[in-house]
Amino acid sequence: MANIITEEKMSELYALATKASEGSYSPYSHFPVGAALLTSDGAIYTGANIENRSFGLTNCAERTAAFKAAADGHLSFAAIAIATPTADYPVGPCGACRQVLSEFAKADMQVWFGANSSNIVKTTLGELYPFDSLHELAENR
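Rules behind the numbers
Residues numbered from 1 in each chain as written. Predicted model: local features only at pLDDT ≥ 70, side-chain atom pairs only at ≥ 80, totals over all residues. Heavy atoms only, no water. Pairing = 2+ DSSP bridges. Helix = DSSP H or I, 4+ residues; strand = E, 2+ residues; numbered from the N terminus. Axes fitted to C-alpha atoms, helices over the stretch in contact; angles between N-to-C directions. Contact = heavy atoms within 4.5 Å. Buried < 20%, exposed > 50% of the residue type's maximum accessible area, 1.4 Å probe, protein only. Core = buried A, V, L, I, M, F, W, Y, C linked by side-chain atoms within 4.5 Å. Salt bridge = Lys/Arg side-chain N within 4 Å of Asp/Glu carboxyl O.

**What to know about the sheet that holds strand β5 (residues 119-124)**
- Spatially, five strands are ordered β2-β1-β3-β4-β5 in an open sheet, and the strand pairing comes out mixed. Edge positions in the sheet fall to β2 (44-48) and β5, since each has one partner strand and no second. Shown here is a sheet whose adjacent strand axes are inclined to one another by a mean of 15°, direction ignored.
- Both strand β1 (residues 34-39) and strand β3 (residues 77-83) contribute to a ladder of six bridges, which runs antiparallel. Across the sheet, the residue bridging to Thr39 is Phe77, located in β3.
- On the sheet, helix α1 (residues 7-20) packs against β1, β2, β3, β4 (105-116) and β5 and is oriented at approximately 50° with respect to β3.

**Focus: the pairing of β4**
- Relative to β4, β3 is paired through six bridges, and the arrangement is parallel. Along β4, the bridge assignment pairs Ile80 with Val111.
- The pairing of β4 with β5 spans six bridges and is classified as antiparallel. Bridged to Asn116 within β5 is Asn119.
- Following β4, the chain reverses through two residues before pairing antiparallel with β5.

**As for the environment of Thr58**
- Structurally, Thr58 can be placed in the loop between β2 and α2 (61-71).
- Overall, Thr58 belongs to the buried group, its relative accessible area being 18%.
- For the pair Thr58 and Ser26, spaced 32 residues apart in the sequence, the C-alpha separation amounts to 9.3 Å.
- In this view, Thr58 contacts Ile50, Glu51, Asn52 and Arg63; residues no more than four positions away in its chain are not counted.

**Details of the nonpolar core**
- Among the nonpolar cores identified, the biggest contains 20 residues, and Leu37, Phe77, Ile80, Ile82, Leu101, Met109 and Val111 are the most heavily contacted of them.
- If you list the elements that add at least two residues to this core, you get β1, α2, β3, α3 (95-104), β4 and α4 (125-128).
- For Leu37, the contacting residues outside a window of four places in its chain are Ala43, Ile44, Tyr45, Ala65, Ala66, Ala69, Phe77, Ala79, Ile80 and Leu101.

**Points about the pattern of salt bridges**
- All told, the structure shown has three salt bridges when counted by the stated rule.
- The residue Lys9 makes a salt bridge to Glu12 at a minimum N-O spacing of 3.2 Å. Of this pair, Lys9 and Glu12 both sit in helix α1, three residues apart, roughly one helical turn.
- On the accessibility criterion, Lys9 (27% relative accessible area) is partly exposed.
- Look at Glu12 and you get partly exposed, because its relative accessible area is 36%.

Nothing here speaks to function; it is geometry throughout.
Dropping the structure here:
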């Protein structure tokens, strides 16, 4: 069964992600990112990137939202929107975020990412992360 989220709901998530980017702590990269995550039961969690002078300790917006949702017991995700409002082009989630999202979402999870509301990539987690061993193992059970 396909995971169908309406364009209206995804646009709402993108607007929330843009708003969430205002909470970014990015004094080193000056690259704010916001995310809005829709859980399978309809809850919405937002997150922003939080940097540290040791870049390895930085947490991305997507993982901030995912960890907030998981900490509240929401372990199944339906959609995510990611906003990078100072970028010149859409910037997709990093590999670590794709891995974390795949822990809690199916390959058909809707993913939108963009620099602004008229420059958005609309895809799925499976298209972003096509050889996810967790999903491959689940399909072979």
